[in-house]
Amino acid sequence: MPGATIVPPGGLHLHIVLLIVTPALVALAGGIAARAAGTGLAARYLAGVGLGAAIGVQALFLLPGGAAGVVFPGLSPVVRVGWLPDLLALALGCWAAWRWRAAGILAWCSRTALALALPVVLLAPLIAACEPDLAVRHRRWRLLGYVLAALVSLWLPAWSMALAATIGATAAGAWRWPLVLVSASAVVAAWSG
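Residues numbered from 1 in each chain as written. Predicted model: local features only at pLDDT ≥ 70, side-chain atom pairs only at ≥ 80, totals over all residues. Heavy atoms only, no water.

## Remarks on the packing of helix H7 (residues 157-169) against helix H8 (residues 176-192)
Phase 1: One can describe the packing of H7 onto H8 by two numbers: an axis separation of 8 Å at closest approach and a directional angle of 160°. Taken together, the axes of H7 and H8 are roughly antiparallel relative to one another. Regarding H7 and H8, the two cross each other, and that crossing is left-handed. For the pair H7 and H8, contact is made by Ala 158, Trp 159, Met 161, Ala 162, Ala 165, Thr 166, Gly 168 and Ala 169 and by Arg 176, Leu 179, Val 180, Val 182, Ser 183, Ala 186, Val 187, Ala 189, Ala 190 and Trp 191, respectively.
Phase 2: Residues of the contact of H7 with H8, tallied by class, amount to 14 nonpolar, three polar and one charged. (Axes fitted to C-alpha atoms, helices over the stretch in contact; angles between N-to-C directions. Helix = DSSP H or I, 4+ residues; strand = E, 2+ residues; numbered from the N terminus. Parallel < 35°, antiparallel > 145°, perpendicular 65-115°, else oblique. Left-handed = near helix turned anticlockwise from the far one by under 90°. Contact = heavy atoms within 4.5 Å. Nonpolar A, V, L, I, M, F, W, Y, C, P; charged D, E, K, R; others polar.)

Shown next as structure tokens:
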């Protein structure tokens, strides 16, 4: 008779992490496919379909019985689910898809993927992907702050994400208010978890 296991059989805990980042992966895959198709109108439609599918999947997580309402045992401390992070991911994904619609195809899709991932993936270095869009001086000190926040993430992932998002929100640019929301959401996750 087999004994009790701490880790779900079949690597279920890894499947759940993959499920949570699926919208961001779909948005990124749509951008890569559209980029491979070229730079014409058909490529923009292909990218739009990919982003629409990614935002649709994120919206499905919020339905009753979806990922937002289900408690996953043994979920990694780096990935979180719930009504607040999933709703924030949907809002930021829609904002990024609208905000960068006039940008290049890969930039449009990658920034939308980043917006979909930020509220649900508590990795401080992920915030550094926003830096090229932030108009700041002394970027090397900010990047050092992200490295320190990444070190904090070894022990306190939610608090390190709040710290990294706060560092990002101190700069001017399109990501300022989304990073304020991500920081506030990470603080709520740290207090509740």
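## Some points on the nonpolar core
Phase 1: By size, the foremost hydrophobic cluster in this structure holds 56 residues, and its most contacted members are Leu 118, Ile 127, Met 161, Trp 175 and Leu 179.
Phase 2: Examining the composition of this core, we find that eight residues originate from one element, helix H5 (residues 105-117), more than from any other.
Phase 3: With residues near it in sequence (within four places) discarded, Trp 175 still touches Trp 95, Trp 100, Arg 111, Leu 114, Ala 115, Leu 118, Cys 130, Asp 133 and Leu 134. (Core = buried A, V, L, I, M, F, W, Y, C linked by side-chain atoms within 4.5 Å. Buried < 20%, exposed > 50% of the residue type's maximum accessible area, 1.4 Å probe, protein only.)

## Here we look at the environment of Ser 110
Phase 1: On the secondary structure map, Ser 110 appears in helix H5.
Phase 2: Assessed through its relative accessible area of 28%, Ser 110 is described here as partly exposed.
Phase 3: Distance in space between the C-alpha atoms of Ser 110 and Leu 51 is 9.9 Å, their sequence separation being 59 residues.
Phase 4: Within the local environment of Ser 110, its side chain forms a polar contact with the backbone oxygen of Leu 106, the two atoms lying 2.8 Å apart. (Polar contact = N/O pair within 3.5 Å; in protein donor to acceptor, adjacent residues only side chain to side chain.)

## Re helix H4 (residues 83-99)
Phase 1: Over its 17 residues, H4 extends 24 Å from the first C-alpha to the last, a length consistent with the 24 Å expected when each residue adds 1.5 Å.
Phase 2: Along H4, the residues that are buried comprise Pro 85, Asp 86, Leu 88, Ala 89, Leu 90, Leu 92, Gly 93, Ala 96 and Ala 97. (Expected span 1.5 Å × (residues − 1).)

## Some details on the side chain of Asp 86
Phase 1: In this fold, Asp 86 is placed in helix H4.
Phase 2: One buried charged residue, Asp 86, forms no salt bridge at all, with the nearest opposite charge on Arg 80 at 8.4 Å.
Phase 3: Apart from the residues lying within four places of it in its own chain, the contact partners of Asp 86 are Gln 58, Phe 61, Leu 62, Ala 67, Ala 68, Val 81 and Val 120. (Lys, Arg positive; Asp, Glu negative; His and termini not counted. Salt bridge = Lys/Arg side-chain N within 4 Å of Asp/Glu carboxyl O.)

## Re the pattern of salt bridges
Phase 1: For the structure on display, the rule yields two salt bridges.
Phase 2: With a shortest N-O distance of 3.0 Å, Arg 142 and Glu 131 are connected by a salt bridge. On the criterion of sequence distance, the pair formed by Arg 142 in helix H6 (residues 139-152) and Glu 131 in the loop between H5 and strand E1 (134-135) is long-range, its members being eleven residues apart.
Phase 3: When its relative accessible area of 3% is taken as the criterion, Glu 131 is described as buried.

## What about the side chain of Arg 142?
Phase 1: Residue Arg 142 is classed as buried on the basis of its relative accessible area of 10%.
Phase 2: Here the side chain of Arg 142 touches Thr 170 through a polar contact of 2.9 Å, side chain to side chain.
Phase 3: The contact partners of Arg 142, leaving out residues within four places of it in the chain, are Glu 131, Leu 134, Val 136, Arg 137, Ile 167, Gly 168, Thr 170 and Ala 171.

## Looking at the environment of Arg 99
Phase 1: Among the secondary structure elements, Arg 99 is positioned in helix H4.
Phase 2: For the pair Arg 99 and Arg 111, spaced twelve residues apart in sequence, the C-alpha to C-alpha distance is 9.3 Å.

## Overview of the packing of aromatic side chains
Phase 1: Throughout the structure, instances matching the rule amount to three aromatic pairs.
Phase 2: Ring centres of Trp 95 and Trp 100 lie 5.3 Å apart, and the angle between their planes is 85°; this geometry places the pair in the edge-to-face category.
Phase 3: Trp 95 gets classed as partly exposed once you look at its relative accessible area, which sits at 26%.
Phase 4: For the pair Trp 95 and Trp 175, a centre-to-centre distance of 5.3 Å together with 70° between the ring planes defines the contact as edge-to-face. Within this pair, whereas Trp 95 is found in helix H4, its partner Trp 175 is found in the loop between strand E2 (172-173) and H8, the two being separated by 80 residues in sequence.
Phase 5: Classification of Trp 175 as buried rests on a relative accessible area of 0%.
Phase 6: Of the aromatic side chains, those joined through ring pairs into one cluster are Trp 95, Trp 100 and Trp 175.
Phase 7: Over the ring of Trp 108 we find Arg 44, and its NZ or CZ is 4.8 Å from the ring centre. (Phe/Tyr/Trp six-rings, centres within 6.5 Å; stacked < 30°, edge-to-face > 60°. Lys NZ or Arg CZ within 6 Å of the ring centre and 35° of its normal.)

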